[in-house]
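An overview of the molecular structure
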Amino acid sequence: MTRAPLHHELFLIGHDQTGKPLVHQHSMAVGLVGAVLLDLALSERVTVGQGRISVADPTPVGDPVVDSLVPMLARDRAERDAKFWIKKLAEDAYDRTRQSLVASNVLVMVTRRRMGMLPYTRYQLADIASVVRASAGVRSAVEGWKQPDGRGAALCGLVAALRLEAELYLDQPSARLIERLREIAVTHSPVVKDVVKLIDDMLGEAAVAVFR
């Protein structure tokens, strides 16, 4: 079975079965861009280092989020830093990821009415198995059942950064679980460590900015 893109897995972990987001949408969008960058970096299609992103392989892959990100990076002549691009791409990463999951029949659009009057739309799981598969690698890594690959370590780091550890349903204190998830990410490889730290820092900066 072909594994889902990393940003698809993160999106699924970050929502409940009814489609309700479990973290702020902007934070999720930043995490999704981080997931895309990690997928690209681990497949050696981009390089991330010293706060910069460079494109090694611009070939489209058929994913709306990836295929919107790579051409913009490739055309950049101003050599803007990674934070600039993450913020820029986060503007529509959430909607593009959701649309991709709907197109692949992982999510189903459902319209209901509040109090029988005001319509609202949710994007619900078509099958609970999709989110179980998405979180399985993270659970296995935390509990030591299986050594994580780069994508598994990356997802561990992003789950920690977004504080989605409760969605793993592991019988561990939250602080210990976060520590273990971060440990898996930072000890796997420099690129996973660097990108996860960048996303973690950006989420922390955004949280502080709210209270200024």
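This text follows the structure it describes.
Now for a description of the structure that goes with this document.

Scoring rules and cut-offs
- Residues numbered from 1 in each chain as written.
- Predicted model: local features only at pLDDT ≥ 70, side-chain atom pairs only at ≥ 80, totals over all residues.
- Heavy atoms only, no water.
- 1 Å grid on protein atoms, 1.4 Å probe; cavity = no way out; pocket = protein on both sides within 12 Å on 5 of 7 lines; lining within 4 Å.
- Points joined across faces, edges and corners; volume = space filled by probe spheres on them.
- Helix = DSSP H or I, 4+ residues; strand = E, 2+ residues; numbered from the N terminus.
- Nonpolar A, V, L, I, M, F, W, Y, C, P; charged D, E, K, R; others polar.
- Phe/Tyr/Trp six-rings, centres within 6.5 Å; stacked < 30°, edge-to-face > 60°.
- Buried < 20%, exposed > 50% of the residue type's maximum accessible area, 1.4 Å probe, protein only.
- Contact = heavy atoms within 4.5 Å.

In this structure, the largest pocket encloses a volume near 530 Å³. In this structure, the largest pocket is lined by 23 residues; those nearest its centre are Arg3, Ala4, Glu9, Arg133 and Ala134. Where the lining of the largest pocket is concerned, the elements lending two or more residues are helix H1 (6–13) and helix H5 (129–143). Along the lines of polarity and charge, the residues of the lining of the largest pocket split into ten nonpolar, eight polar and five charged. One number sums up the size of the second largest pocket: a volume of about 260 Å³. Taken together, 15 residues form the lining of the second largest pocket, with Ile128, Val131, Ser135, Glu167 and Tyr169 sitting closest to its centre. Contributions of two or more residues to the lining of the second largest pocket are made by H1 and H5.

Below, the discussion takes up the packing of aromatic side chains. The tally for this structure, following the rule as stated, stands at two aromatic pairs. Both rings, one in Phe84 and one in Trp85, keep their centres 5.1 Å apart while their planes meet at 85°; by these two values the pair is edge-to-face. For Phe84, a relative accessible area of 35% translates into the label partly exposed. Taking relative accessible area as the criterion, Trp85 reaches 6% and is therefore assigned buried.

With that out of the way, let us pick up the environment of Ile86. Mapped onto the elements of the fold, Ile86 is located in helix H4 (residues 82–103). Overall, the relative accessible area of 0% leaves Ile86 in the buried class. Note: C-alpha distance between Ile86 and Met202 (116 residues apart in sequence) is 9.2 Å. Excluding its chain neighbours within four sequence positions, the residues that come into contact with Ile86 are Val30, Val33, Leu37, Leu198, Ile199 and Met202.

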